[in-house]
Amino acid sequence: MKKWTEETEIDAPIEEVWTLLNGSLDNMQKIMPNVVEHEPINVTDEGVGSVYRQKYKEGKRVEEYEVETVEYMNTPEYKKLKIAFVLANMFDITAKYELRKLTDNKTHFIYTTTNRPLKWFVNIILLFAGNKVTAQFVERVKHTAEAEYSKTAFNV
């Protein structure tokens, strides 16, 4: 299993960043444009145990899988969402998003992802996998949240 973690400070309120990670499909697509569908199958009151059918488009191929919420916390000072899913019957993947309020307009963001191969031959692919995708995702979240916040702050 491989694990990657990246973190950054974002110049936007915690709620602004949270809507990108735990909001509508439109908001999710701002940071994950290849997600083309995110439909609830079973949503629990406490968040944990909620399941969504998600579709991800890579080139002309569309992968469909179920995403389960395995950890969830939503307080004004700290927010956490951890999801798990199996991709193409080859990878067991988790993604954890943690947000901590630093000030009214500054948020600390930690992204941790794991990838466990389900087939022996996929281990070779993971040997060469680096942190680049994780770092790019964290940068995209930072850039998008700050841009969205500057639009709303400017219009107030």
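Residues numbered from 1 in each chain as written. Predicted model: local features only at pLDDT ≥ 70, side-chain atom pairs only at ≥ 80, totals over all residues. Heavy atoms only, no water.

**Student:** For unusual backbone geometry, give the residues involved together with the corresponding values.
**Tutor:** In this model, Ala88 sits at a positive phi of 55°, which is unusual for a non-glycine residue. Summarising the element assignment, Ala88 is placed in the loop between strand S5 (78-87) and strand S6 (91-103). For Ala88, a relative accessible area of 37% corresponds to the partly exposed category. A positive phi angle is found at Asn89, which is not glycine, with a value near 55°. Within the fold, Asn89 resides in the loop between S5 and S6. For Asn89, a relative accessible area of 58% corresponds to the exposed category. (Helix = DSSP H or I, 4+ residues; strand = E, 2+ residues; numbered from the N terminus. Buried < 20%, exposed > 50% of the residue type's maximum accessible area, 1.4 Å probe, protein only.)

**Student:** Describe the pattern of salt bridges, and please don't skip the residues or the numbers.
**Tutor:** Throughout the structure, instances matching the rule amount to 15 salt bridges. For Glu15, the salt bridge is made with Lys79, and the minimal N-O distance between the two is 2.8 Å. Remark: Lys79 occurs in strand S5 and Glu15 occurs in helix H1 (residues 14-22); sequence separation between them is 64 residues. Overall, the relative accessible area of 42% leaves Glu15 in the partly exposed class. (Salt bridge = Lys/Arg side-chain N within 4 Å of Asp/Glu carboxyl O.)

**Student:** Describe the pairing of strand S4 (residues 61-74), and please don't skip the residues or the numbers.
**Tutor:** Summarising the sheet, strand S3 (residues 51-58) and S4 pair through 8 bridges and their orientation is antiparallel. Across the sheet, Glu58 pairs through a bridge with Arg61, a residue of S4. Between S3 and the antiparallel strand that follows it, S4, lie 2 residues; Gly59 among them carries a positive phi value of about 65°. As paired elements, S4 and S5 share 6 bridges and run antiparallel to each other. Opposite Tyr72, over in S5, you have Leu81 as the bridge partner. The antiparallel pairing of S4 with S5 creates a hairpin that spans 3 residues between the two strands. (Pairing = 2+ DSSP bridges.)

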